[in-house]
Amino acid sequence: MTDMSRRHVLGLIGALSALGFVPAKAEEAAGATLGPATPFDPEMVVARARALAAAPYAPPPAVSQDWLDLSYDDFRGIWFDTRHTLYRGSPGAVQAEFFVAGLYFPHKIGIHAVEKDQAREVQFQLRLFDTTDQFPTLPEDGTGFAGFRLLGELEARDRFQEYAVFQGASYFRAIGRGQAYGLSARGLALNTAADGPEEFPTFRDFWIEAAEPGAAEVTVHALMDSPSVSGAYSFTISKGETTEMAVSARLFPRAELTTVGIAPGTSMFLFSDINRTRFDDFREAVHDSDGLLILNGAGEAIWRPLTNPKAVEVSAFADTSPRGFGLMQRARQPGDYNDLVAHYERRPSLWVEPVGDWGQGAVMLVEIPTDKEINDNIVAFWRPAAALAAGSEHRFDYRLHWCAQSPAEGTVAPVIATRTGARIFEDGRLFTIDYAPHPALGDDPERIEARISTSAGDVSSQHLQANPATGGMRLDFTLKGGAPVAELRAELWRGGSRVAEVWLNRWVAQ
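1. A word on the overall build of the protein
Of the regular secondary structure elements, the protein holds 4 helices and 34 strands. Computed over the C-alpha atoms, the radius of gyration of the protein is 24 Å, within 12% of the 24 Å expected from 2.2 N^0.38 for a compact globule of 510 residues. Summarising its shape, the C-alpha atoms of the protein cover approximately 75 × 50 × 45 Å along the three principal directions. Considering the protein as a whole, with its 510 residues, one finds that 55% of them fall into the buried category. When contacts within the protein are restricted to residue pairs at least 6 apart in sequence, long-range pairs at least 24 apart make up 70% of them. Separation between the mean location of the 47 positive side-chain charges and that of the 66 negative ones in the protein comes to 2 Å.

Written out as structure tokens, the structure reads:
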């Protein structure tokens, strides 16, 4: 899946979600057809993944060419008939609606309903979908399910609305209360920004458990497969102000995995104050995420502002036993963007919280050039230091927080803006870093020591002062020497303690 098609997929999901509430055809009987009941236990998914890994890879059933050849506008002409919503009419805490395969979704996947330890396959039928009058007549057996969305009482009681989507390869995304869809997560990243083509594992089967009335959590299980690895995933999802997913991933490599990405997040960054002059755009900023936040094993909070580079940039932040990392959206006011349609201020941050000791490895950040906001060009994930051997078994447990603010924020002053520009009356490049007000920071810049370092060139003219516009402080400094690439680091200390996030940035001469 290319970066262009990733963004198209997300836009299409949003369009189909809106269309999903068009009135259904009254003459059709309501309800999906379910297959015979069979016993279900989550360990059965693990056993299936293990068995798949022991056999040669076989892709999931393909969609026929006529369904793949649909145009974007044609594909918007078919949507789910909401009278057939899974678990609709029951007093349970979750409902599910389905997407049809075709266009950007080339495989048919299996979906199963689980109640009282019994699983029943949801039978694909075109009667589950409604269409416009212009939609072409296509064979039912040429397509199938492409994914689903979960609905629950997110904003108000007795009103079920969408809060999570699983669709396309191993992609999924979610929102908390008051949020709008933005960045996505994946089950696994393989060979991302490495030598050779990227591999996109697919969730080929899902099991959606019914939830008791008023239940705080719902559970989804997924069987993942690709030429290099199979896997069994479970997602225990609790919706709310922050929507949390407790994820358990069991991996069974067919081949040695040297460039694997655990808990990957995929986002978009076009421009902000850090690169605003490159874009002729009426808006102040355009991004789903504006920085990578890391809470490393040593307890350091690290902030790396995102960039939109001229060439692919890959950064590795080596660590042992990371406490968390994620792609954050910190600019939260409408005026930060001046976009009354996209509402980037409502896009969630995605925080990854490892459960257990993940050992040695690195948080990886991949930044890909783009000139359009339809392209997802940012990827972040954990890469274990040791390769995952063929024939081995591995388990990674973690929590995903789809949030406005991560649970790691608050102990020190956060970075809220980064800007850079050429010096006017002297050589060099000026950098400014704005910190939000925070008790650890205090209000007297004279009591704070700024420590700035660079991998190339020289740092001069550093100055820390109160910023009356934010109530916090601003640090500025000049980078001299004309180095083509410089890794910059800035820290604020007070009384022997670090009082702000560690700021990191890679400067690449344009």
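Having seen the model, we can carry on.
2. Describing unusual backbone geometry
For Leu 103, which is not glycine, the phi dihedral falls at a positive 55°. Topologically, Leu 103 is positioned in the loop between strand S3 (95-100) and strand S4 (110-115). For Leu 103, a relative accessible area of 17% puts it in the buried group. Its identity as a non-glycine residue notwithstanding, His 343 has a phi of 50°, on the positive side. If you trace the backbone, His 343 turns up in the loop between strand S22 (324-328) and strand S23 (349-355). For His 343, a relative accessible area of 27% gives the class partly exposed.

The rules we used
- Residues numbered from 1 in each chain as written.
- Predicted model: local features only at pLDDT ≥ 70, side-chain atom pairs only at ≥ 80, totals over all residues.
- Heavy atoms only, no water.
- Helix = DSSP H or I, 4+ residues; strand = E, 2+ residues; numbered from the N terminus.
- Rg over C-alpha atoms; globule rule 2.2 N^0.38 Å.
- Buried < 20%, exposed > 50% of the residue type's maximum accessible area, 1.4 Å probe, protein only.
- Contact = heavy atoms within 4.5 Å.
- Lys, Arg positive; Asp, Glu negative; His and termini not counted.
- Charge placed at Lys NZ, Arg CZ, Asp CG, Glu CD.

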